Amino acid sequence: MPYTVSKLTDFSPAALDAAVRELLSALEEESEAVVCEQQMEPYENPWKAFRDRWMARKNGILTQLNDLWLKAAPGPSKKDVGQRVNELRKTVEGMVEVAQKRLLFAKAVPTEVIHPGIEVPADELEAYAKRVALASQRVDITLPGIRRPIGAEHPVIKTMNEMIAVFRNLGFSVEEGPEVETDFYNFEALNFPPNHPARDTQDTLFIAGQESKPPRDRLLLRTHTSPVQIRTMQKMKPPVRVVCPGKVHRNDALDATHSPIFHQIEGLAVDTNITFCDLKGTLDHAMKAMFGSNVKTRFYPSFFPFTEPSADVQISCIFCDGKGVRDGAPCRNCKASGWIELLGCGMVDPNVYGFVDYDASKYSGFAFGMGVERIAILKYGVDDIQLFFSGDVRFLEQFG
Ligand SMILES: [Zn+2]
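Small disclaimer: the values here were computed from a predicted structure and weren't measured.

K.L.:
Explanation requested: the packing of helix α7 (residues 155-168) against helix α13 (residues 372-380) in the structure shown.
P.N.:
Working note: a packed helix pair is described by the angle between its axes plus the distance between those axes. The interhelical angle for the contact between α7 and α13, taken along N-to-C directions, is 100°, at an axis separation of 9 Å. Comparing the axis directions of α7 and α13 gives the class roughly perpendicular. Each of Pro155, Val156, Lys158, Thr159, Met160, Glu162 and Met163 in α7 lies in contact with α13, whose residues at this interface are Val372, Glu373, Ile375, Ala376, Lys379 and Tyr380. In terms of residue class, the contact of α7 with α13 is built from 8 nonpolar, 1 polar and 4 charged.

K.L.:
Just to check I follow, could you spell out the packing of aromatic side chains for this structure?
P.N.:
The relative placement of two aromatic rings is captured by the distance of their centres and the angle of their planes. Per the counting criterion, the structure on display carries 16 aromatic pairs. Centre to centre, the rings of Tyr3 and Trp54 are 6.2 Å apart; their planes meet at 0°, and the pair counts as stacked. You can see Tyr3 sitting in the segment before α1 (13-37) and its partner Trp54 sitting in helix α2 (residues 44-55), a full 51 residues away along the chain. For the pair formed by Tyr3 and Trp54, the shared burial category is buried. Seen from their ring centres, Phe304 and Phe306 are 6.2 Å apart, and the 25° between their planes marks the pair as stacked. For Phe304, a relative accessible area of 23% translates into the label partly exposed. Members of the aromatic cluster, joined through ring pairs, are Phe167, Phe172, Phe366 and Phe368. In this structure, Arg231 is placed above the aromatic ring of Tyr185, and the distance from its NZ or CZ to the ring centre is 4.0 Å.

K.L.:
Is there a simple way to explain the sheet that holds strand β1 (residues 173-174) in this structure?
P.N.:
Note on sheets: strands pair through backbone hydrogen bonds, and any given pair is parallel or antiparallel. Here 7 strands make up an open sheet; going across it, the order is β1-β4-β5-β11-β10-β7-β6 and the pairing mixed. Every interior strand has two partners, whereas the edge strands, β1 and β6 (297-304), have only one. Inspection of the sheet shows strand β10 (residues 339-348) paired to strand β11 (residues 364-371) by 5 bridges, in the antiparallel sense. Directly across from Gly346, in β11, lies its bridge partner Ala367. Here α7 sits on the sheet and contacts β1, β4 (240-249), β5 (261-271) and β11; the angle it forms with β5, its principal contact strand, is near 5°.

K.L.:
For this particular structure, what's the right way to read the pattern of salt bridges?
P.N.:
Pairs can form between side chains of opposite charge once their charged atoms are near each other. By the definition in use, this model includes 11 salt bridges. A salt bridge links Arg84 to Asp17; the nearest nitrogen and oxygen atoms lie 2.5 Å apart. Of the two residues, Arg84 is situated in helix α4 (residues 78-108) and Asp17 in helix α1; the sequence distance between them amounts to 67 residues. Since its relative accessible area comes to 18%, Arg84 is described here as buried. Overall, Asp17 belongs to the partly exposed group, its relative accessible area being 35%. Lys288 is the salt-bridge partner of Asp284, the closest N and O atoms lying 3.0 Å from each other. On the criterion of helical spacing, the pair formed by Asp284 and Lys288 is a turn pair, its members being 4 residues apart in helix α11 (residues 276-291). Residue Lys288 is classed as partly exposed on the basis of its relative accessible area of 28%. Here the residues in one salt-bridge network are Asp17, Asp80 and Arg84, joined through shared partners.

K.L.:
Hey, could you run me through the coordination of the zinc ion in this one?
P.N.:
Around a metal, the ideal angle is 109.5 degrees if four donors adopt a tetrahedral arrangement and 90 or 180 degrees if six donors adopt an octahedral arrangement. Surrounding the zinc ion are the protein donor atoms Cys317 (SG), Cys320 (SG), Cys331 (SG) and Cys334 (SG), at 2.2 to 2.3 Å. Each of the 4 donor atoms bound to the zinc ion contributes to angles spanning 103 to 118°, and the resulting shape is tetrahedral. In primary-sequence terms, the residues that donate to the zinc ion follow C-x2-C-x10-C-x2-C. When sorted by exposure, Cys317 lands in the same class as Cys320, which is buried.

K.L.:
I'm lost on α11 in this one. Help?
P.N.:
What sets the pattern is the α-helix's 3.6 residues per turn: residues three or four places apart point alike. With 16 residues, α11 extends 22 Å between its outermost C-alpha atoms, agreeing within 8% with the 22 Å of an ideal straight helix rising 1.5 Å per residue. Turning to α11, its buried residues number three or more, namely Leu279, Thr282, Leu283, Ala286, Met287, Met290 and Phe291. Along the axis of α11, the buried residues cluster in a sector spanning 135°; they form a single face. For α11, the secondary structure elements touched by its buried residues are α7, β6, β7 (307-316), β10, β11 and α13. Of the residues flanking the end of α11, it is Gly292, one or two places downstream, whose phi is positive at about 110°.

K.L.:
Would you mind going over unusual backbone geometry with me for this structure?
P.N.:
For residues other than glycine, phi is negative in most cases, and the peptide bonds are mostly trans. In this structure, Pro239 follows Pro238 across a cis peptide bond, with omega equal to 5°. Mapping Pro239 onto the fold places it in the loop between α10 (226-235) and β4. Cis geometry is found at the peptide bond from Glu308 to Pro309, where omega equals -5°. You will see that Asp327, though not glycine, has its phi angle at about 50°, which is positive. Despite not being glycine, Lys335 has its phi angle at roughly 50°, a positive value. Within the secondary structure, Lys335 sits in the loop between β9 (329-330) and β10.

K.L.:
Teacher, can you tell me more about the environment of Leu342 here?
P.N.:
Tracing the sequence through the fold places Leu342 in strand β10. For the pair Leu342 and Gly371, spaced 29 residues apart in the sequence, the C-alpha separation amounts to 8.0 Å. Discounting chain neighbours no more than four positions away, the residues touching Leu342 are Met287, Phe291, Val313, Gln314, Ile315, Met370, Arg374, Ile375 and Leu378.

What counts, and where the lines are drawn
- Residues numbered from 1 in each chain as written.
- Predicted model: local features only at pLDDT ≥ 70, side-chain atom pairs only at ≥ 80, totals over all residues.
- Heavy atoms only, no water.
- Axes fitted to C-alpha atoms, helices over the stretch in contact; angles between N-to-C directions.
- Helix = DSSP H or I, 4+ residues; strand = E, 2+ residues; numbered from the N terminus.
- Parallel < 35°, antiparallel > 145°, perpendicular 65-115°, else oblique.
- Contact = heavy atoms within 4.5 Å.
- Nonpolar A, V, L, I, M, F, W, Y, C, P; charged D, E, K, R; others polar.
- Phe/Tyr/Trp six-rings, centres within 6.5 Å; stacked < 30°, edge-to-face > 60°.
- Buried < 20%, exposed > 50% of the residue type's maximum accessible area, 1.4 Å probe, protein only.
- Lys NZ or Arg CZ within 6 Å of the ring centre and 35° of its normal.
- Pairing = 2+ DSSP bridges.
- Salt bridge = Lys/Arg side-chain N within 4 Å of Asp/Glu carboxyl O.
- Donors = N, O, S within 2.8 Å, 3.2 Å for Na, K, Ca; no water.
- Tetrahedral: all angles 85-135°; square planar, octahedral: opposite > 155°, others 65-115°.
- Expected span 1.5 Å × (residues − 1).
- Arc of directions from axis to C-beta.

Fair warning: the whole summary comes from geometry, so function is off the table for now.
Written out as structure tokens, the structure reads:
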């Protein structure tokens, strides 16, 4: 009959001694059997069975000792039983290890060598010992290795940081603000009055259930990072030079060039004597720093509620060097025009200063804004904005 862990009812030291003796003699016997058995069997299997019978986490004998002896022990005996079970655990682990070593040795040494009665020369024994040592250290080089993938900056974050660095070098600091904004910061203070048609074009995502609040306090997901400009002007007096990077939300359907979530960087400079020339010089420098010194910029009239005058900025096409033709065919990236539209800008509308307590007769300033994904798409030749948000490692690791 193979050994089974007995349920204890008597926890006196004498009864425990007897139970431990019974277990140890079974352990001894089984470990001998394993070593003998291997002479006939493939050596791993009896040893593995031996190991699992004693050490398996689920139903091994050591686990049963915990359940049947330790947990069942009454309070005063717990410490004594615990010590004995711990001792037994060490002994079992040791025996299992020894059995494995003995098997390795037996495997490395021919049967006739360990056969009693045959004398083996010392140098031969030493050679066997070396083989045993080598066998126990054997590493299976055919096993797949452990891969530790190295992370990389996401292309959108990378582009954003590059752009921030360009403006930092021009003396701009970085400001951030909340993504959930009030109507006041996202629209009203930026000179979009209620019912202004420009609000329709923004496809705003509003937070539900706020009908009881006054309109300007209602919450929405910001549609641009411009609210940060207002918050900045509220907390500091000119001179102000900040860039505001961040995530924005619009109720746009997902396609190759639109995403309901994207990133923007906006900039704001307010001081005495700031003119449109400063705006042109700043953006021309920034575009050259980002896309190369050969890039040209051009400004043409546009409309934004918070700037007056306003302009869209185009850069000469970086794919066809502004020629409109590439490899003898019309350039697809600029639709053969030689120009790519990249950002919006303008002089801050004096009405905006009214919302932040700046003296419009004393100060002037400019603001600009651009989409980070749009720039990353141009820089890296990505053809679908969705790739940035799909989390596909095959795409992302190209930027590592
Ligand atoms: Zn082109």
